[in-house]
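# Secondary and tertiary structure notes
Single-letter residue listing:
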Protein chains: 2
Amino acid sequence: MADLDQIDENILRELVRDGRLPNIQLAERVGLSPSACLRRVQDLERRGIITGYRATLDRTKLGTGFTAYIAVGLNDHTKASQKAFEAAITRSPEVRECHNITGTVEYLLRIETSDLAAYKVFHTDVLGELPQVHALTTFVVMESPKDERT
Amino acid sequence: MADLDQIDENILRELVRDGRLPNIQLAERVGLSPSACLRRVQDLERRGIITGYRATLDRTKLGTGFTAYIAVGLNDHTKASQKAFEAAITRSPEVRECHNITGTVEYLLRIETSDLAAYKVFHTDVLGELPQVHALTTFVVMESPKDERT
DNA sequence: GGTGAAAATTTCAACAA
DNA sequence: TTGTTGAAATTTTCACC
C-alpha cells in the first residue's frame with residue numbers, strides 16, 4: 001500500500017497545506033537537506049501518492065457562488081437505474097461531486113452554479129426530467145467554516 | 001466583485017489544473033511575458049481570488065479509505081452554539097469539510113478516517129461529546145461516480 | 001542522507017506603449 | 001494602467017560522496 005515514515009507524513013502534511021512551499025523551506029521543516037527532501041517528494045509523486053497540485057479559488061468572488069447538496073432517492077435499486085442516473089449526472093457540469101451513499105436515499109450530489117436561478121433550472125430541467133429520480137432534497141450551503149477538499 | 005478578463009480566467013484555469021505550473025510556462029500559455037503574468041497571479045492572490053495551493057493525495061493509498069457524510073442538528077440556533085461547534089470541528093483532522101446548510105439540520109460534514117472502527121471512535125468520542133449536538137445522521141460513501149473536488 | 005554546482009525560475013526595478 | 005526587458009536573488013535539480 002503506502003509504507004510512509006514520519007518524515008513522509010510531515011512532507012505530505014506541509015504540501016497539502018501549501019502546495020507551493022519551496023523545497024528549501026520544506027526541507028527545513030521536515031529536517032532534511034533540500035536534495036534528500038526533493039528526492040522524497042519526487043518519490044511520492046512517482047508512487048502516485050501525491051496526485052497533483054491545485055490552486056484553490058474563492059468561488060464566491062467568481063461567478064459560481066451558489067453551492068448546494070442534494071440528496072437523491074431513486075425509484076428502485078436496480079443496477080440499470082443507477083447506471084442511467086450516473087450517466088446523466090456525469091454529463092452535467094453543475095454536478096461537481098456524486099457520492100453513492102448508505103441510508104434512506106441513494107446519492108448525495110454537490111452542485112455549483114452561478115446563482116439560485118441557475119440552480120432552479122438545473123433542479124427542474126435536468127434532475128426533474130430523469131425518470132429514475134424519486135425524491136430530491138436540497139441543502140443550500142450558506143457558509144463553509146472548514147473546507148479542505150483536495 | 002471579481003472583474004476578470006479572459007487572460008485572468010485562463011490563468012485560473014491553468015493553475016487549478018496544475019498549481020505548480022512554472023510561471024514561465026504559464027505566461028506562454030496565456031500569451032504574456034513572464035513578469036506580466038506573475039503580476040497578474042500575485043494580484044489574484046492579493047485579491048483573495050486564489051486562496052492557496054494544495055497538493056492532492058490519493059487517499060486510498062494512505063490509510064484514509066473511509067469516507068462518510070454526517071448531517072448534524074444542533075440543540076439551538078444561537079450564535080454561541082454555532083461558534084462552539086465550529087471551533088471543535090475545526091480542530092478535528094477527521095473533518096475535511098464542514099458546511100452550514102439550510103434545511104432540517106444545520107451542518108453537513110465530510111469525514112475521512114482510516115476505517116469504520118476509527119470512524120466510530122470519532123462519531124462517539126468527538127461528536128457525541130459535544131453538548132451542542134442534538135442529532136447525527138451518517139451517510140457512508142460507498143462509491144463516488146463523479147468527484148471534481150478542487 | 002548530504003554537498004556543491006549548474007540549470008531553471010522567480011522576482012522586481014526601470015522603461016515603454 | 002498594462003506589458004516588456006533584463007538582471008539579481010532564489011530555487012530546483014542532479015551527479016557524486
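Summary of the structure given here. This is a predicted model, so every value here is computed, not measured.

Before going further, it helps to spend a moment on the interface of chain B and chain A. In this assembly, 58 residues from chain B lie in contact with 58 residues from chain A. Both sides together, the interface formed by chain B and chain A hides about 5800 Å², and carbon and sulfur atoms give 52% of it. Our enumeration of links across chain B and chain A arrives at two salt bridges. One salt bridge connects Arg96 of chain B with Glu148 of chain A, and the closest N-O pair in it is separated by 3.6 Å. In this structure, the connection of chain B to chain A is made through 39 residue pairs in polar contact (both at pLDDT 80 or more). Among the elements of the structure, helix H1 (6–17), strand S1 (50–57), helix H4 (79–91), strand S3 (95–101), strand S4 (107–113) and strand S5 (133–147) of chain B are those that each provide at least two residues to the side of chain B that touches chain A. No other element matches the ten residues that S5 of chain B contributes to the side of chain B that touches chain A. Taken together, the residues of the side of chain B that touches chain A break down into 25 nonpolar, 15 polar and 18 charged. Sheet topology note: the strand S3 (residues 95–101) of chain A/S5 of chain B ladder contains four bridges and is antiparallel. Within S5 of chain B, the residue paired with Glu97 of chain A across the bridge is Asp147 of chain B.

With that settled, the discussion passes to the protein's contact with DNA strand C. With respect to spatial proximity, the complete set of residues near DNA strand C consists of Leu32, Ser33, Ser35, Ala36, Arg39 and Arg40 of chain A together with Pro22, Asn23, Ile24, Ser35, Leu38 and Gln42 of chain B. Expressed as a percentage, the sugar and phosphate content of the atoms of DNA strand C within 4 Å of the protein is 45%. Ser33 of chain A is positioned such that a nitrogen or oxygen atom in its backbone is 3.0 Å from a phosphate oxygen of DNA strand C. For DNA strand C, a phosphate oxygen lies 3.2 Å from a polar atom in the backbone of Ile24 of chain B.

Parameters and conventions
Residues numbered from 1 in each chain as written. Chains lettered and ligands numbered in written order. Predicted model: local features only at pLDDT ≥ 70, side-chain atom pairs only at ≥ 80, totals over all residues. Heavy atoms only, no water. Contact = heavy atoms within 4.5 Å. Buried area = accessible area lost by both parts, 1.4 Å probe. Salt bridge = Lys/Arg side-chain N within 4 Å of Asp/Glu carboxyl O. Polar contact = N/O pair within 3.5 Å; in protein donor to acceptor, adjacent residues only side chain to side chain. Helix = DSSP H or I, 4+ residues; strand = E, 2+ residues; numbered from the N terminus. Nonpolar A, V, L, I, M, F, W, Y, C, P; charged D, E, K, R; others polar. Pairing = 2+ DSSP bridges. Near = heavy atom within 4 Å.

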